Amino acid sequence: MLEYFYFRQGLTILYSSYTILYMMDDKLEISQLLLNIIAGFYEKDARVNYFDTDTLLYHSEIHMVQFIKENQELHLAAIARRLGVTRGAVSQMIMRLEKKGVVSKEADPGNSRKVILRLTPRGETAYRGHKRNHDSYNAVVSKLLENASQAELNFLKDFLEKYEQSLHKTSSQ
């Protein structure tokens, strides 16, 4: 795996060098920078994380933990509706999180047929670790943009929104 990492890093460096030497077009350079950033995030995000616990939590799992924490008192069907996924998908995710000791189910006092989800102490710790990760990304962006003018911020926001929309369009085709 380490050999693959070095090989991939070497290819990235070669491609970046080629771009800098032979493609001095600003638009191509920006495109390459975006691709490098996306690749870096993808590689970092694709790895599992412990989020200050002794339990491996994948991207989708920690985001379900975040959703449960920020939307307390919801039952499975309501979570599925809000996330736009099936109840079965939510149920499977919750079963995995229960096995990992991150989430617990409690009977809804108002309706015995429904189950309310709660974070366990381990889930609370994971939530805080995940939040800290997001806060560190936010701090980096804030620092980089602290001297930007409102026009620059507006341009960057508009560009990134359009880029995100185009990514969604191409991924759905």
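Residues numbered from 1 in each chain as written. Predicted model: local features only at pLDDT ≥ 70, side-chain atom pairs only at ≥ 80, totals over all residues. Heavy atoms only, no water.

Moving on, we come to the overall build of the protein. Of regular secondary structure, the protein possesses seven helices and two strands. The N-to-C order of helical and strand elements in the protein reads α-α-α-α-α-β-β-α-α. Counting all 173 residues of the protein, 23% fall into the buried class. Taking all contacts inside the protein whose residues are at least 6 apart in sequence as the whole, residues at least 24 apart take part in 51%. When the accessible surface of the protein is split by element, carbon and sulfur atoms take 59% of a total near 12700 Å². (Helix = DSSP H or I, 4+ residues; strand = E, 2+ residues; numbered from the N terminus. Buried < 20%, exposed > 50% of the residue type's maximum accessible area, 1.4 Å probe, protein only. Contact = heavy atoms within 4.5 Å. Areas by Shrake-Rupley, 256 points an atom, 1.4 Å probe, with all protein chains shown as cover.)

This structure, assessed with the given rule, holds 12 salt bridges. The residue Lys-100 makes a salt bridge to Glu-61 at a minimum N-O spacing of 2.8 Å. With Lys-100 in the loop between helix H5 (87-99) and strand S1 (103-108) and Glu-61 in helix H3 (residues 59-70), this residue pair connects regions lying 39 residues apart in the sequence. Put simply, Glu-61, Arg-96 and Lys-100 are held in one network by salt bridges that share partners. (Salt bridge = Lys/Arg side-chain N within 4 Å of Asp/Glu carboxyl O.)

Here six bridges tie S1 to strand S2 (residues 111-119), and the two strands are oriented antiparallel to one another. The partner of Ala-107 across the bridge, within S2, is Val-115. Remark: two residues form the turn of the hairpin made by S1 and S2, two consecutive strands paired antiparallel. (Pairing = 2+ DSSP bridges.)

Quick look at the nonpolar core now. Among the nonpolar cores identified, the biggest contains 22 residues, and Met-64, Ile-68, Ile-79, Ile-94, Leu-97 and Val-103 are the most heavily contacted of them. Listed by contribution, the elements that provide at least two residues to this core are H3, helix H4 (76-83), H5, S2 and helix H6 (121-145). Per-element accounting of this core gives the leading share, five residues, to H3. When near neighbours in sequence (up to four residues on either side) are disregarded, Val-103 contacts Ile-68, Ile-94, Leu-97, Glu-98, Leu-117, Arg-118, Leu-119 and Thr-120. (Core = buried A, V, L, I, M, F, W, Y, C linked by side-chain atoms within 4.5 Å.)

Here Thr-120 shows up in the loop between S2 and H6. The class of Thr-120 is buried, set by a relative accessible area of 16%. Residues contacting Thr-120, with those up to four places away along its chain left out, are Gly-101, Val-102, Val-103 and Ser-104.

This brings us to the confidence of the model for the protein. Chain-level statistics for the protein give a pLDDT mean of 86 and a share of 83% at 70 or above. Taken element by element, the predicted model of the protein shows its lowest mean pLDDT in helix H1 (residues 2-22) (52) and its highest in H5 (96). This model gives residues 1-7 a pLDDT under 50, and the stretch forms one contact once residues within four places in sequence are excluded. (pLDDT = per-residue confidence, 0-100.)

Right, let's talk about H6 for a bit. Helix length check: H6, at 25 residues, gives a terminal C-alpha distance of 36 Å against a target of 36 Å (1.5 Å per residue), a fit within 8%. Looking only at H6, the buried set comprises Gly-123, Ala-126, Tyr-127, Gly-129 and His-130. As for H6, its buried residues are in contact with H3 and S2. (Expected span 1.5 Å × (residues − 1).)

This next bit is on the layout of surface pockets. Sizing a probe to match a water molecule and rolling it over the atoms shows the empty space that remains. Of the voids in this model, the largest pocket is the one considered here, and its volume is about 1100 Å³. If you go around the largest pocket, you meet 23 residues; those closest to its centre are Leu-34, Ile-37, Phe-41, Val-141 and Leu-160. Among the elements of the structure, helix H2 (26-46), H6 and helix H7 (150-171) are those that each provide at least two residues to the lining of the largest pocket. It is H7 that provides the largest number of residues to the lining of the largest pocket, a total of nine residues. Residues belonging to the lining of the largest pocket are distributed by class as follows: 18 nonpolar, three polar and two charged. The volume enclosed by the second largest pocket comes to roughly 420 Å³. If you go around the second largest pocket, you meet 17 residues; those closest to its centre are Asp-45, His-59, His-130, Asn-133 and Tyr-137. Taken together, the elements giving at least two residues each to the lining of the second largest pocket come down to H2, H3 and H6. For the lining of the second largest pocket, the element with the highest residue contribution is H6, accounting for five residues. Considering only residue class, the lining of the second largest pocket consists of seven nonpolar, seven polar and three charged. (1 Å grid on protein atoms, 1.4 Å probe; cavity = no way out; pocket = protein on both sides within 12 Å on 5 of 7 lines; lining within 4 Å. Points joined across faces, edges and corners; volume = space filled by probe spheres on them. Nonpolar A, V, L, I, M, F, W, Y, C, P; charged D, E, K, R; others polar.)

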